[in-house]
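The primary structure of each chain is shown beneath.
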Amino acid sequence: VGDLIALAVGLCVIALVVSAYVAGVIMLAVFVGPFLVVGTAVALTVLVLDMYLRVAIGVMFRPSSPYRGALAFPPEQEPEPAFRQYFFGPALRDLDRILRVGRQECVARGRTWARAVNRGCFGGTRVPNWIGVPIGVILWIGLLYGMVLSVALVALLALLHVVFVFVAQFAARVMIGVLRGLDTLLLTARDIRGVTCKQCGWKIRYPSYECGQCNRRHRDIRPGRHGVLRRRCACGRRMPTLLLLGSHRLPPYCAVCDQRMTPGVGLRPEIVVPLFGGRSAGKTRLVAALAMTLLGQAAHGGPPARLADADTQSGYGTLEMILRSAGHVAATRGRPVGYSLYLGAGRGERLVHVFDAAGETFVSSDRTDELEYARYARTALFVVDPMSVPGFLRGLTAGQLAALDLSTASDMPPEDVFARFSQTMVQMQVRTERVRLAVAVSKLDVLRDAGVLQGEPDGAQLEQWLTERLQLGNLIRAMRHEFHEVRFFATASVVGDLDQVDPSIARLAGWLLPRLAAAAPERRRAVARV
Ligand SMILES: Nc1nc2c(ncn2[C@@H]2O[C@H](COP(=O)(O)OP(=O)(O)O)[C@@H](O)[C@H]2O)c(=O)[nH]1
Ligand SMILES: [Mg+2]
Ligand SMILES: [Zn+2]
Ligand SMILES: [Zn+2]
């Protein structure tokens, strides 16, 4: 009986203890459990989000962050020596890295927590199992909630990030389209249709530009994948992407021949004047006289004129010296030489390229690619040395023959030169019927000195002289047939006593470049004997 009582008491005690324990666990689950579960879940979520943001900020904004990956789209591997605009590639690379590194870091944190719970609650070493296990189970429920919650939040963040990147890229694309369109509109409104390279004669839409700091060459600087308003050169220097934004302040280069272009090219409409004529007809000297006339007019209150680039300056310097000293000009060899001047004021300013081709350029048909510039000319200048006309000497008197200085005479008859030039234009499919042609009959001073011509014959008189005296009627008819308008000028590319270029040059300039040269001076009563 005693044993039975003891057993009963024992059972009761055990039942009591067990029910107390169960009641305790239930109390724990009901009253403390929710707080523990929520607390754990929230703590884990906060930790994960904090981690994710740390990684995100590190990847996107902190160059020294250990989370940061290798540079995406390094400039060395880009078609242009520039960094990609952030939303055209780098942003998605960053996002990808944030998600990968962020997941690793977050999983690692989660694991540390789970391990701590397991070790603390289920190992039975620190806390006895009968206390640890219920708490551990509750904590685990919290952890699971926390994991679900944080995964959902991170997924939402990442989704927002992706959407933002695509919206930003879209906005950038729209901006680029708008800017390019605006640029095209503005250029069209200003009548700027491409830029001509004075080195190779080709016309291109937009120059390449060199970085002012590292000399890397940017082929296409306009708004695009490498920058909307500005781009960053591989060296770090920022460069404007449009003429509107100041890219003309960078040194321009030709995309065809890689040579330096005229500074400021692309800011002003261009006028291209091709010069043709036989060897020693007087082309080079005429260009010098034209430039000197325009600069002289500018110095005396005429339309502004300035030499546009270093090449023109050095070339002109030599020519000017020769003109002033009445010396002889060395023959032009090799590629056509472009002389470039900015003429006119403000909005009316024009970049004028006069291309002086060597006489031979028109003879050999394999060199016509050097004449690309002729394609865009609205006015051409043909230099005719009357002394090169075969019949010229026959009609002279003995006195005129004796007085005539033939040392500078050209040996290429103008008919041949013109025929080859027009043949080349046909080959190049240039529509010469839209082009005005100025015919400069050169070396007027030599003819005057010999008494062959007097004063300065006007266009009609000169035409009559060329037709009747030099038998150039066929040539003149061909010119009138092929060109829109033909005008004749007798020119003397010489500097007079008062350090002034012969006024015949100003008259030619006035017709060649209306509004950009001063109005042609009044002709002294023509006393030409024709
Ligand atoms: N006196 C005089 N000499 C000229 C004139 N134009 C050209 N010359 C001379 O004629 C030669 C050939 O001239 P240049 O300009 O080199 O001819 P290009 O081959 O057509 O460029 C040079 O010796 C010039 O000095 C001119 O108007 N007057
Ligand atoms: Mg020459
Ligand atoms: Zn640079
Ligand atoms: Zn070029």
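**Student:** Provide a residue-level description of the coordination of the zinc ion (ligand 3), including the pertinent values.
**Tutor:** Coordination of the zinc ion (ligand 3) by the protein involves Cys211 (SG), Cys214 (SG), Cys233 (SG) and Cys235 (SG), with metal-donor separations of 2.2 to 2.3 Å. Here the zinc ion (ligand 3) binds four donor atoms, and the angle range of 102 to 113° at the metal identifies the geometry as tetrahedral. Within one chain, the residues serving as donors to the zinc ion (ligand 3) are arranged as C-x2-C-x18-C-x1-C. Separated by 22 residues along the polypeptide, Cys211 in the loop between β3 (208-210) and β4 (217-218) and Cys233 in the loop between β5 (230-232) and β6 (238-240) bring together distant segments of the chain. Taken individually, Cys211 and Cys233 each receive the classification buried, so the pair is uniform in this respect.

**Student:** Any chance you could break down the environment of Gln500 for me, citing the residues and the numbers?
**Tutor:** As for its position among the elements, Gln500 is in the loop between β14 (485-490) and α11 (503-512). In sequence terms Gln500 and Val25 are 475 residues apart; their C-alpha atoms lie 115 Å from each other. Among all residues touching Gln500, those that are not within four sequence positions of it are Val494 and Val495.

**Student:** Before we move on, can you summarise the pattern of salt bridges with the specific residues and values?
**Tutor:** When the charged atoms of two side chains with opposite charge come close together, those side chains can pair. In the structure shown here, the tally under the stated rule is 22 salt bridges. Arg231 is the salt-bridge partner of Glu80, the closest N and O atoms lying 2.6 Å from each other. With Glu80 in the loop between α1 (2-61) and α2 (90-122) and Arg231 in strand β5, the pair connects residues that are 151 residues apart, well separated along the chain. Looking at Arg231, the relative accessible area reads 2%, which means it is buried. For Glu210, the salt bridge identified is with Arg217, shortest N-O distance 3.4 Å. Three or more residues joined by partner-sharing salt bridges are found here, namely Glu210, Arg217, Arg219 and Asp258.

**Student:** Could you give an account of empty space enclosed by the protein, naming the residues involved and the relevant values?
**Tutor:** The final tally for this structure, using the stated rule, is five cavities of 30 Å³ or more. Within this model, the largest cavity holds a volume of roughly 100 Å³. Lining of the largest cavity is provided by Val273, Val287, Leu290, Ala291, Leu294, Leu341, Leu343, Val352, Val354, Leu512 and Leu513. Going through the elements one at a time, α4 (283-299), β10 (337-343) and β11 (350-356) are the ones with two or more residues in the lining of the largest cavity. With four residues, the single largest contributor to the lining of the largest cavity is α4. Tallied by class, residues from the lining of the largest cavity come to eleven nonpolar, no polar and no charged. Of the residues belonging to the lining of the second largest cavity, the class tally is nine nonpolar, one polar and no charged.

**Student:** Talk me through the coordination of the zinc ion (ligand 4); I want residue IDs and the actual numbers.
**Tutor:** Six octahedral donors around a metal ideally sit at 90 or 180 degrees from one another, while four tetrahedral donors ideally sit at 109.5 degrees. Here the zinc ion (ligand 4) is held by Cys197 (SG), Cys200 (SG), Cys254 (SG) and Cys257 (SG), and the distances to it run 2.2 to 2.3 Å. Of note is the zinc ion (ligand 4), whose four donor atoms meet at the metal with angles of 106 to 116° in an arrangement that counts as tetrahedral. The motif formed by the donor residues of the zinc ion (ligand 4), counted along the single chain, is C-x2-C-x53-C-x2-C. Of this pair, Cys197 sits in the loop between β1 (195-196) and β2 (203-204) while Cys254 sits in the loop between β7 (252-253) and β8 (270-277), and the two are 57 residues apart along the sequence. Assigned by exposure class, Cys197 and Cys254 land together as buried.

**Student:** Tell me about the packing of aromatic side chains, and please be specific about residues and values.
**Tutor:** Counting across every chain of the model gives ten aromatic pairs. Taking 3.5 Å as the distance between ring centres and 10° as the angle between the ring planes, the aromatic pair formed by Phe276 and Phe421 counts as stacked. On the criterion of sequence distance, the pair formed by Phe276 in strand β8 and Phe421 in helix α7 (residues 414-427) is long-range, its members being 145 residues apart. Among the residues examined, Phe276 registers a relative accessible area of 0% and is labelled buried. Classification of Phe421 by relative accessible area gives buried; the value is 3%. The interplanar angle of 55° and the centroid separation of 6.1 Å between the aromatic rings of Phe418 and Phe483 together place this pair among those described as tilted. With Phe418 in helix α7 and Phe483 in the loop between α10 (473-482) and β14, the pair connects residues that are 65 residues apart, well separated along the chain. Phe418 gets classed as buried once you look at its relative accessible area, which sits at 2%. Among the aromatic side chains, those forming a connected cluster through ring pairs are Phe276, Phe382, Phe418, Phe421 and Phe483. Sitting over the ring of Tyr253, Arg217 keeps its end group 3.6 Å from the ring centre.

**Student:** Quick rundown of unusual backbone geometry? Include the residues and the values.
**Tutor:** Residues other than glycine seldom take positive phi values, yet Gln429 does so here, at roughly 55°. Relative to the assigned elements, Gln429 resides in the loop between α7 and β13 (436-441). A relative accessible area of 69% places Gln429 in the exposed class. Backbone geometry at Gln471 places phi at a positive 60°, although glycine is not the residue there. Inspection of the secondary structure puts Gln471 in the loop between α9 (459-468) and α10.

Parameters at a glance
Residues numbered from 1 in each chain as written. Chains lettered and ligands numbered in written order. Predicted model: local features only at pLDDT ≥ 70, side-chain atom pairs only at ≥ 80, totals over all residues. Heavy atoms only, no water. Donors = N, O, S within 2.8 Å, 3.2 Å for Na, K, Ca; no water. Tetrahedral: all angles 85-135°; square planar, octahedral: opposite > 155°, others 65-115°. Helix = DSSP H or I, 4+ residues; strand = E, 2+ residues; numbered from the N terminus. Buried < 20%, exposed > 50% of the residue type's maximum accessible area, 1.4 Å probe, protein only. Contact = heavy atoms within 4.5 Å. Salt bridge = Lys/Arg side-chain N within 4 Å of Asp/Glu carboxyl O. 1 Å grid on protein atoms, 1.4 Å probe; cavity = no way out; pocket = protein on both sides within 12 Å on 5 of 7 lines; lining within 4 Å. Points joined across faces, edges and corners; volume = space filled by probe spheres on them. Nonpolar A, V, L, I, M, F, W, Y, C, P; charged D, E, K, R; others polar. Phe/Tyr/Trp six-rings, centres within 6.5 Å; stacked < 30°, edge-to-face > 60°. Lys NZ or Arg CZ within 6 Å of the ring centre and 35° of its normal.

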